[in-house]
Amino acid sequence: MNRAADAAAAKAVERATDVEEKSPADLSTAEFDELNRLFAQNHDAYPFAERIVGALGARGTLRLWDDMSNLGATDGYGDVPEVARADDLADARLDLPAGLPR
């Protein structure tokens, strides 16, 4: 890990944790896009993964994934989710775990 990668990871994690403090349901379109972009751009960056888990902690990381996974969930079979950006949400569900240490 070099200093530039570590500095970039620190900046990305700081912004991701700022946005993450809100419930995913309360994120604006711009905030949702930014959070999704941060995880997508850093999905294979170890410094980011190490720092995001350190910043959120195990419980916070799981809570974020759970909140993102259940955003737009319906109560019954055949109900249509009320999420306008279901495709973007699906991308976020894939990018979040990809950005975590393995």
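The structure displayed is predicted, hence computed values, not measured ones. (Residues numbered from 1 in each chain as written. Predicted model: local features only at pLDDT ≥ 70, side-chain atom pairs only at ≥ 80, totals over all residues. Heavy atoms only, no water.)

Trainee: An account of the nonpolar core is requested, with residue identities and associated values reported.
Mentor: Ranked by size, the top nonpolar core spans 15 residues in total, and within it A16, L27, L35, F39, F48, I52 and L64 carry the most contacts. Of all elements in the fold, only α1 (3–20), α2 (29–41) and α3 (46–70) reach the threshold of two or more residues within this core. (Core = buried A, V, L, I, M, F, W, Y, C linked by side-chain atoms within 4.5 Å. Buried < 20%, exposed > 50% of the residue type's maximum accessible area, 1.4 Å probe, protein only. Helix = DSSP H or I, 4+ residues; strand = E, 2+ residues; numbered from the N terminus.)

Trainee: Residue-level account of the pattern of salt bridges, with values.
Mentor: Per the stated rule, a full pass over the model turns up four salt bridges. Among the salt bridges present, the one from R15 reaches E34, with a minimum N-O distance of 2.9 Å. Remark: E34 occurs in helix α2 and R15 occurs in helix α1; sequence separation between them is 19 residues. Taking relative accessible area as the criterion, R15 reaches 32% and is therefore assigned partly exposed. By relative accessible area, which is 18% here, E34 ends up buried. In this structure, the salt-bridge partner of R37 is E34, at a minimum N-O distance of 4.0 Å. Of this pair, R37 and E34 both sit in helix α2, three residues apart, which is roughly one turn of the helix. What makes R37 partly exposed here is its relative accessible area of 39%. (Salt bridge = Lys/Arg side-chain N within 4 Å of Asp/Glu carboxyl O.)

Trainee: Could you give me a rundown of the environment of A16, with the residues and numbers involved?
Mentor: By the element assignment, A16 lies in helix α1. With a relative accessible area of 1%, A16 lands in the buried category. Remark: the alpha-carbon pair of A16 and N36, spanning 20 residues in sequence, is separated by 9.1 Å. Apart from residues lying up to four places away in sequence, A16 is in contact with L35, L38 and I52. (Contact = heavy atoms within 4.5 Å.)

Trainee: Explain the packing of aromatic side chains residue by residue, including any values.
Mentor: For the structure shown, the criterion picks out one aromatic pair. Plain terms: the ring middles of F39 and F48 are 5.6 Å apart, the flat faces sit at 85° to each other, and that makes the pair edge-to-face. (Phe/Tyr/Trp six-rings, centres within 6.5 Å; stacked < 30°, edge-to-face > 60°.)

Trainee: A description of the packing of α2 against α3 should follow, citing residues and the corresponding values.
Mentor: The contact between α2 and α3 brings their axes to 14 Å, and the two run at 125°. Taken together, the axes of α2 and α3 are oblique relative to one another. When you trace α2 past α3, the crossing you get is left-handed. Packed against α2, whose contacting residues are F32, L38 and F39, the element α3 presents F48, I52, L64 and M68 at the interface. Broken down by class, the residue content of the contact of α2 with α3 amounts to seven nonpolar, no polar and no charged. (Axes fitted to C-alpha atoms, helices over the stretch in contact; angles between N-to-C directions. Parallel < 35°, antiparallel > 145°, perpendicular 65-115°, else oblique. Left-handed = near helix turned anticlockwise from the far one by under 90°. Nonpolar A, V, L, I, M, F, W, Y, C, P; charged D, E, K, R; others polar.)

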